[in-house]
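Listed below, chain by chain, are the residues.
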Amino acid sequence: MNIRKFSYIQRMKLKELEVQNPYLTLTDKFYDFVKPTPLQKPFLISANEAVAKLLDIDKEELQKKEFIDFINGSYLLKGSKPFAMVYAGHQFGHFVPRLGDGRAINIGTINKLHMQLKGSGITKYSRSGDGRAVLRSSIREYLISEAMHNLNIETTRALAIIGSEHSVFREEWEKGAIVLRVSPSWIRIGTFEYFANKKDKEALKALSNYAINESYPHLNNEPNKYLYFFLEVVGKSAKLIAKWQSVGFNHGVMNTDNISIAGLTLDYGPFAFLDDYEHNYICNHTDRYGRYSFANQAGVMKWNLKALMYTLSFLTDKNELTQALEYFDSIYAKEYIALMRKKLGFEKNLSEDIELIRKLLDTLELLQIDYTLFFRKLSHYNGKKEPLLELGLYHKPLKEWLELYDKRLEKEELSSIQRSKKMLQTNPKYILKNYILQEAIESAKEYDFSKVKALLKIAQNPFDEHLKYEHWAQATPIKFKNKKLSCSS
């Protein structure tokens, strides 16, 4: 049987689709039913065929009015019972006992992917907010989630983005937008914190059982499954942060309500990829003390996991949970070093590599060298140093490092051609830096969505050449380097 052909035949019309609502098997203390509030005069900006396939949606449906209505929340699929989830969270280290989906509405599950409309109106948990999302933040999330997925980093994804004539006020009046995003789980550390704060052991047990069945079903028959559940979350979270660090990704708002228990990158706000390498870079201008700086991400994730540990102590032994948390550091370090070795083209694991990596990062920061561009050029390295030395104003520090790199390469068995081939599939040519995303946003404000569509293609193929867009693979222009963004970004 031709599986690909069979899979294509299974694509369905919107009117044929029926959703499930597995989260609603929990009691109504976990959620609140709410109807989406459609935007005024909506229009399609972009649809992601790759995610449409995952949801069994025929690609021809993506161009129909019914599809726009679907993203706008005015057309619900069969079986849909829209709801918002409740959770709490530590925001910049301060506990907020009740948060929840303030501008996201869940509309059902297809193929174990839970769909949310982000920006679809007020819910019970909107507090003083308007439940809306603006064009710029929606474009950023739509594109970056696809980029992260294709960089092999666990993430939520997005099916489509619509714009509108609906006015929304942030720092100024802007146009509203909605992103339909999907995830195998929307449960956060903050979800557990909400019920732990109420000392509701019954709800914590029900939530844990649901989360295990959803994300870690192999643990269902384990006698101490809550401890092993925590171990799984610790391991996945450590590996996720290692991947962020290896590509130079700074999340910006690692509150516990933004941390997935499934090990996914969740809730894209004032994120950024590094331009020049800057270890202590802070991408969120609200983060005055650098709690969520690039350098602090591993430490903050461990802090967040400690918060999760407390919630699970209602269900299993706290001492065992404490011991499980201590695995975070070793898992993170091992994964990060392995990823960096791969970026450098090493197949052997040598103890000297740790110091070589440290010296490289110090050199990149000293010389203010673009992180992504450096590793892409290094992927072509054949012993000629000039193309790399040209990346910095001063040549001596990088030349000294390259001499150490040459000596380390002598201990490898791959030829330079073989090494280059592997590195080119590891070190992306294109990273969606903030200035690039801003170009697409500015064009979209003028109803030109060509750059959004171009960046979606690049996001889905970040290791390819895309010669037409070569200018986006160069070092970030000085005036745009390592800028900070707001939480409404």
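Predicted model only: the values in this text are computed from it and were never measured.

Moving on, we come to the pairing of strand S7 (residues 113–118). Buried residues dominate S7, accounting for six of its six residues. Taking every second residue as pointing to the same face, both faces of S7 are buried, with Leu-113, Met-115 and Leu-117 on one and His-114, Gln-116 and Lys-118 on the other. Here strand S6 (residues 104–110) pairs with S7 via six bridges, running antiparallel. By the bridge assignment, Gly-108 is partnered in S7 with Met-115. In textbook terms, the turn of a hairpin is the stretch between consecutive antiparallel strands, and for S6 and S7 this stretch comprises two residues, one of which, Asn-111, has a positive phi near 50°. When S7 meets strand S11 (residues 173–183), the two strands line up antiparallel, connected through five bridges.

Turning next to the packing of aromatic side chains. One pass over the structure, following the stated rule, counts 33 aromatic pairs. Relative to Tyr-336, the ring of Tyr-332 has its centre 6.0 Å away and its plane inclined at 15°; by these criteria the two rings are stacked. Here Tyr-336 and Tyr-332 lie together in helix H10 (residues 327–344), a separation of four residues that amounts to about one turn. Taken as a pair, Tyr-332 and Tyr-336 share a single burial class, namely buried. Look at Phe-374 and Phe-375: their rings are 5.4 Å apart centre to centre, the planes differ by 85°, and that puts the pair in the edge-to-face class. Phe-375 shares its class with Phe-374; the two are buried. A cation over a ring is seen here: Arg-140 above Phe-271, with NZ or CZ 4.0 Å from the ring centre. Above the plane of the ring of Phe-375 lies Lys-343, whose end atom (NZ or CZ) is 4.4 Å from the centre.

This brings us to helix H9 (residues 318–325). What H9 keeps buried is the set Leu-321, Ala-324 and Leu-325. Along the axis of H9, the buried positions cluster into a sector of 100°, meaning they face one direction only. In H9, those exposed residues whose orientation departs by more than 90 degrees from the buried face are Asn-319 and Gln-323. Considering only its buried residues, H9 is in contact with helix H7 (225–247), helix H8 (297–312) and H10. Here H9 starts with a cap whose side-chain oxygen sits 3.1 Å from the backbone nitrogen of Asn-319, and that cap is Asp-317.

Right, let's get into the side chain of Asp-275. Mapped onto the elements of the fold, Asp-275 is located in the loop between strand S13 (272–273) and H8. In this structure, Asp-275 is buried with no salt-bridge partner, the nearest side chain bearing the opposite charge being Lys-433 at 4.4 Å. Excluding residues that lie within four positions of it along the chain, Asp-275 makes contacts with Ile-369, Asp-370, Tyr-371, Lys-433, Thr-476, Phe-480, Lys-481 and Asn-482.

Okay, the nonpolar core next. Membership of the largest hydrophobic core comes to 154 residues, with the highest contact counts inside it found for Leu-159, Leu-378 and Tyr-405. Once residues within four sequence positions are removed from consideration, Leu-378 is found in contact with Leu-344, Leu-388, Trp-401, Leu-402, Tyr-405 and Met-423.

Right, let's talk about the packing of helix H11 (residues 353–367) against helix H12 (residues 371–378) for a bit. At a closest axis distance of 11 Å, the pairing of H11 and H12 adopts a crossing angle of 125°. Relative to H12, the element H11 is oriented oblique. Of the two possible hands of crossing, H11 and H12 adopt the one that is right-handed. Of the residues in H12, those in contact with Leu-360, Leu-361 and Leu-364 of H11 are Tyr-371, Phe-374 and Phe-375.

Moving on, we come to the environment of Gly-383. Counting through the fold element by element, Gly-383 comes out in the loop between H12 and helix H13 (386–389). Taking the C-alpha atoms as reference points, Gly-383 and Leu-356, 27 residues apart in sequence, are found 17 Å from one another.

Right, let's get into helix H17 (residues 450–460). Among all positions of H17, only Val-452, Ala-454, Leu-455, Leu-456, Ile-458 and Ala-459 are buried. The elements touched by buried residues of H17 are strand S2 (43–47), helix H4 (135–150) and helix H16 (434–445).

In this structure the tally under the stated criterion is 35 salt bridges. The closest approach of N and O atoms between Asp-200 and Lys-29, which form a salt bridge, is 2.9 Å. Residue Asp-200 is found in the loop between helix H5 (189–197) and helix H6 (201–215), and its partner Lys-29 is found in the loop between helix H1 (3–9) and strand S1 (31–33); the two are separated by 171 residues along the sequence. You can call Lys-29 partly exposed: its relative accessible area is 36%. Across the pair Lys-481 and Asp-276 runs a salt bridge whose closest N-O atoms are separated by 3.1 Å. Residue Lys-481 is found in the segment after H17, and its partner Asp-276 is found in the loop between S13 and H8; the two are separated by 205 residues along the sequence. On the basis of relative accessibility, which here comes to 25%, the residue Lys-481 falls in the partly exposed class. According to the relative accessible area criterion, Asp-276 is buried, its value standing at 8%. A network of salt bridges, in which partner residues are shared, links Lys-118, Glu-141, Arg-181, Arg-188 and Asp-267.

The rules behind each value
- Residues numbered from 1 in each chain as written.
- Predicted model: local features only at pLDDT ≥ 70, side-chain atom pairs only at ≥ 80, totals over all residues.
- Heavy atoms only, no water.
- Buried < 20%, exposed > 50% of the residue type's maximum accessible area, 1.4 Å probe, protein only.
- Helix = DSSP H or I, 4+ residues; strand = E, 2+ residues; numbered from the N terminus.
- Pairing = 2+ DSSP bridges.
- Phe/Tyr/Trp six-rings, centres within 6.5 Å; stacked < 30°, edge-to-face > 60°.
- Lys NZ or Arg CZ within 6 Å of the ring centre and 35° of its normal.
- Arc of directions from axis to C-beta.
- Contact = heavy atoms within 4.5 Å.
- Polar contact = N/O pair within 3.5 Å; in protein donor to acceptor, adjacent residues only side chain to side chain.
- Lys, Arg positive; Asp, Glu negative; His and termini not counted.
- Salt bridge = Lys/Arg side-chain N within 4 Å of Asp/Glu carboxyl O.
- Core = buried A, V, L, I, M, F, W, Y, C linked by side-chain atoms within 4.5 Å.
- Axes fitted to C-alpha atoms, helices over the stretch in contact; angles between N-to-C directions.
- Parallel < 35°, antiparallel > 145°, perpendicular 65-115°, else oblique.
- Left-handed = near helix turned anticlockwise from the far one by under 90°.

These results come straight from atomic positions and should not be treated as a statement about function.
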